[in-house]
Amino acid sequence: MKTKTLKSNNINIVTLGCSKNVVDSEVLLSQLKANDIYAVHESSKNNHKIIVVNTCGFIESAKQESIDTILHYSNLKKSGKIEKLYVTGCLSQRYRDELKSEIPEVDSWFGTFELPALLKKLGADYKHELIGERLISTPSHYAYLKIAEGCNHPCSFCAIPLMRGKFKSKPVELIIEEAKNLAKNGVKELILIAQDTTYYGMDISGKKQISELLQKLAEIEQIEWIRLHYSYPSHFPLDVLDVMKNNNKICKYLDIPLQHVSDNMLKAMRRGISKRAIIELIDKIKQKVPEISLRTTMLVGHPGETEQDIEELKEFVERIKFSRLGVFTYSHEENTHAYSLVDDILQEEKDKRAEYLMNVQQNISYEENQKKIGKTLKVLFDKSDREFFIGRTEADSPDVDNEVLVPIKDNYLRIGDFSNVKITKADFFDLYGKIVK
Ligand code: SF4
């Protein structure tokens, strides 16, 4: 009797925003499956009676995308195509009171820390014994590993602490157990994520334990690549570089969002670091791990940003030559420190400044890529299309960085395998090559 009812309650989980949200949706999926409730992630089929939208509430564009997605499903509900619509995640955590009256079709709204309540609504019990087990929605050979929640930094423009709370490290035993389970299920690459991965352990022992954690994860036999995202520049734990240098499993890759470099902006953004300290840090990183690929994110258009600040940032980007760089434009977010400032730069001007930086980066990426022609690189293949097998080098994280394309014709490989690729051609961002032994 029960099995029949559950089938009709099939659930589709829709995830918006960052990789941390993806992990939350994967945990929800695992809990539902453990309760014998049929659920899928990001299904494009229209036969699901229950929809859970896991939202993002970070900046204006992300909030709009979340609201549009909720409205899409609330229209499906109005037309009787779906029965229940639930919303969770950051946008709900931040604005549920306002949104409740605006979108009455939503059956219930849940915050970022209300998984048990959401499960109850879906007819499931929260299973503690599942901690450390997770069904992944990424290709089976790589997985995000969330090592902490929340953030203690006071960055002026950022609403994340409002939605994710204070920094809380996940106990190291749970992380190792989760990583071992993922490895047992075929994961070869772990991508470490948090709001600030380099702060790991501070709330537990008062000292930064990210290096110890990396070393412990590297002991897991099946894991071949461990990638560090979201490191924070101020008080950066330099011992991470020793671990990276001395352990082949730790990718020579570091994602370190800097947001800006002019002292005027670093002060206004409350980043807790100076231009000089940033330059010294990057010099140290490149000295210790010369082959490292640095990814960073910049934020332009913050209140008070001058032409001179942008020129300083452009010169810095030209000088450092980041392997990978993303640019956001400032979004005036309520209840953040910067909200008390005047949002004095027009969106058009913000977009122009972002484009100015990305043009510089495009040329840097092109030059860096040309240097790889003729080289043989270790590549992990994620997917294929009709023409190419598509993979990534150690210098590339999924979805945000560059790709290596190998023609399907004349090459044979399995998705999820590592292969050596001789680079034959390079464009602004992607590389092309052929499999070599
Ligand atoms: S480090 Fe700053 S930008 Fe990043 S989540 Fe924390 S407050 Fe936001």
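Calculation criteria
Residues numbered from 1 in each chain as written. Predicted model: local features only at pLDDT ≥ 70, side-chain atom pairs only at ≥ 80, totals over all residues. Heavy atoms only, no water. Helix = DSSP H or I, 4+ residues; strand = E, 2+ residues; numbered from the N terminus. Rg over C-alpha atoms; globule rule 2.2 N^0.38 Å. Buried < 20%, exposed > 50% of the residue type's maximum accessible area, 1.4 Å probe, protein only. Pairing = 2+ DSSP bridges. Axes fitted to C-alpha atoms, helices over the stretch in contact; angles between N-to-C directions. Near = heavy atom within 4 Å. Nonpolar A, V, L, I, M, F, W, Y, C, P; charged D, E, K, R; others polar. Phe/Tyr/Trp six-rings, centres within 6.5 Å; stacked < 30°, edge-to-face > 60°. Lys NZ or Arg CZ within 6 Å of the ring centre and 35° of its normal. Domains from an automatic or database assignment. Salt bridge = Lys/Arg side-chain N within 4 Å of Asp/Glu carboxyl O. Parallel < 35°, antiparallel > 145°, perpendicular 65-115°, else oblique. Left-handed = near helix turned anticlockwise from the far one by under 90°. Contact = heavy atoms within 4.5 Å. Right-handed = clockwise from strand over helix to strand, strands pointing away. pLDDT = per-residue confidence, 0-100. Expected span 1.5 Å × (residues − 1).

Novice: Give me the lowdown on the overall build of the protein, citing residues and values where you can.
Specialist: Assigned secondary structure in the protein consists of 14 helices and 18 strands. Taking 22 Å as the expected radius of gyration for a compact globule of 437 residues, we find that the protein reaches 22 Å, a close match to that expectation. For the protein, the spread of C-alpha atoms along the three principal axes comes to 65 × 60 × 45 Å. Among the 437 residues that make up the protein, the fraction classed as buried is 55%.

Novice: How would you explain the sheet that holds strand β15 (residues 388-392) if you had to name every residue and give the values?
Specialist: Taken in spatial order, the five strands line up as β14-β15-β16-β18-β17 and close into a barrel, and their pairing is mixed. Sheet twist, expressed as the mean angle between neighbouring strand axes with direction ignored, is 55°. In this structure, strand β14 (residues 376-384) lies alongside strand β17 (residues 418-426), joined through five bridges in antiparallel fashion. Of the residues in β17, the one forming a bridge with lysine 378 is asparagine 420.

Novice: Just give me the short version of the site of the ligand, but keep the residues and values in it.
Specialist: Neighbouring the ligand are Cys151, His153, Cys155, Phe157, Cys158, Ile160, Pro161, Gln195, Tyr232 and Arg271. The residue inventory of the shell around the ligand, partitioned by class, reads seven nonpolar, two polar and one charged.

Novice: Let's hear about the packing of aromatic side chains: which residues, and what values?
Specialist: Taken as a whole, this structure holds eight aromatic pairs when the rule is applied. Here the guanidinium or amino end of arginine 227 rests over the ring plane of tyrosine 253, the centre of that ring lying 4.7 Å away. Stacked on the ring of tyrosine 142, the Lys or Arg arginine 392 has its end atom at 5.0 Å from the ring centre.

Novice: Go over the domain arrangement of the protein with me, naming the residues and quoting the values.
Specialist: Looking at the assigned domains, one finds that the protein contains domain 1 (11-129), domain 2 (138-370) and domain 3 (376-435). Each of domain 2 and domain 3 has a C-alpha centre, and these two points are 25 Å apart. Viewed at the interface, domain 3 and domain 2 are joined by five salt bridges. Taking the shortest distance from any N to any O, the salt bridge between arginine 324 and aspartate 396 comes out at 2.7 Å. At the level of secondary structure, the elements contributing two or more residues to the side of domain 2 that touches domain 3 comprise β6 (142-146), β9 (189-193), β10 (225-228), β11 (250-255), β12 (293-300) and α14 (347-370).

Novice: Describe the packing of helix α7 (residues 172-184) against helix α9 (residues 210-218), naming the residues involved and giving the relevant values.
Specialist: Between α7 and α9, the shortest axis-to-axis distance is 10 Å and the interhelical angle comes to 30°. In this view, α7 runs roughly parallel relative to α9, as classed from their interaxial angle. The way α7 lies across α9 gives a crossing that is right-handed. Side by side, α7 and α9 meet where Val172, Ile175, Ile176 and Ala179 of the first sit next to Leu213, Lys216 and Leu217 of the second. Each residue belonging to the contact of α7 with α9 can be placed in one class, and the counts come to six nonpolar, no polar and one charged.

Novice: So what about the pairing of β11? Which residues, and what values?
Specialist: The element β11 is largely enclosed, with a buried count of six among its six residues. Of the strand pairs in this sheet, β10 and β11 are connected by two bridges, and their pairing is parallel. Bridge pairing links isoleucine 226 to isoleucine 250 in β11. With helix α10 (residues 239-246) bridging β10 and the parallel β11, this β-α-β connection has right-handed handedness. Relative to β12, β11 runs parallel, the two sharing three bridges. Residue pairing in the sheet places leucine 254 in a bridge with leucine 294 of β12.

Novice: Lay out the packing of α9 against α10 with the relevant residues and their values.
Specialist: Look at α9 against α10: their axes get within 8 Å of each other, and the N-to-C directions meet at 20°. Between α9 and α10, the interaxial angle falls into the category roughly parallel. For the pair α9 and α10, the crossing hand works out as right-handed. Note on element contacts: α10 touches α9 through Asp239, Val240 and Val243, opposite Ile210, Ser211, Leu214 and Gln215. Looking at side-chain class alone, the contact of α9 with α10 contains four nonpolar, two polar and one charged residues.

Novice: Talk me through the confidence of the model for the protein; I want residue IDs and the actual numbers.
Specialist: Interpretation of the predicted coordinates at a detailed level should be avoided for regions scoring low in pLDDT. Per-chain confidence: the protein averages 95 in pLDDT, with 98% of residues scoring 70 or above. Per-residue pLDDT stays below 50 along residues 1-6; that stretch engages in four contacts with residues further than four places along the chain or on separate chains.

Novice: Describe α14, listing the residues and the values that go with them.
Specialist: Here α14 contains 24 residues, and its C-alpha end-to-end distance of 34 Å stays within 8% of the 34 Å for a straight helix at 1.5 Å per residue. Listed as buried for α14 are Glu349, Lys350, Arg353, Ala354, Leu357, Val360, Gln361, Ile364, Ser365 and Asn369. The secondary structure elements touched by the buried residues of α14 are β12, α13 (307-320), β13 (324-329), β17 and β18 (431-436).

Novice: Outline the pairing of strand β4 (residues 84-89), listing residues and values.
Specialist: A large share of β4 lies buried, amounting to five of its six residues. Note: strand β3 (residues 50-55) against β4, six bridges, orientation parallel. Within β4, the position partnered with isoleucine 50 by the bridge is lysine 84. This β-α-β element, β3 to helix α3 (residues 60-78) to β4, shows right-handed connectivity. Pairing geometry for β4 and strand β5 (residues 108-109), over two bridges, is parallel. Each bridged residue has a counterpart across the sheet, and for tyrosine 86 the counterpart in β5 is serine 108. Taking the sense of rotation as the criterion, the β-α-β connection linking β4, helix α4 (residues 90-102) and β5 turns out right-handed.

Novice: Requested: an account of the sheet that holds β3, with residues and values cited.
Specialist: Taken together, the five strands give an open sheet; going across it, the order is β2-β1-β3-β4-β5, and neighbouring strands pair in parallel fashion. Two strands in the sheet have a free side with no partner beyond their single neighbour: β2 (39-41) and β5. Along the sheet, helix α2 (residues 19-34) makes contact with β1 (11-15), β2 and β3, crossing β1 at roughly 165°.

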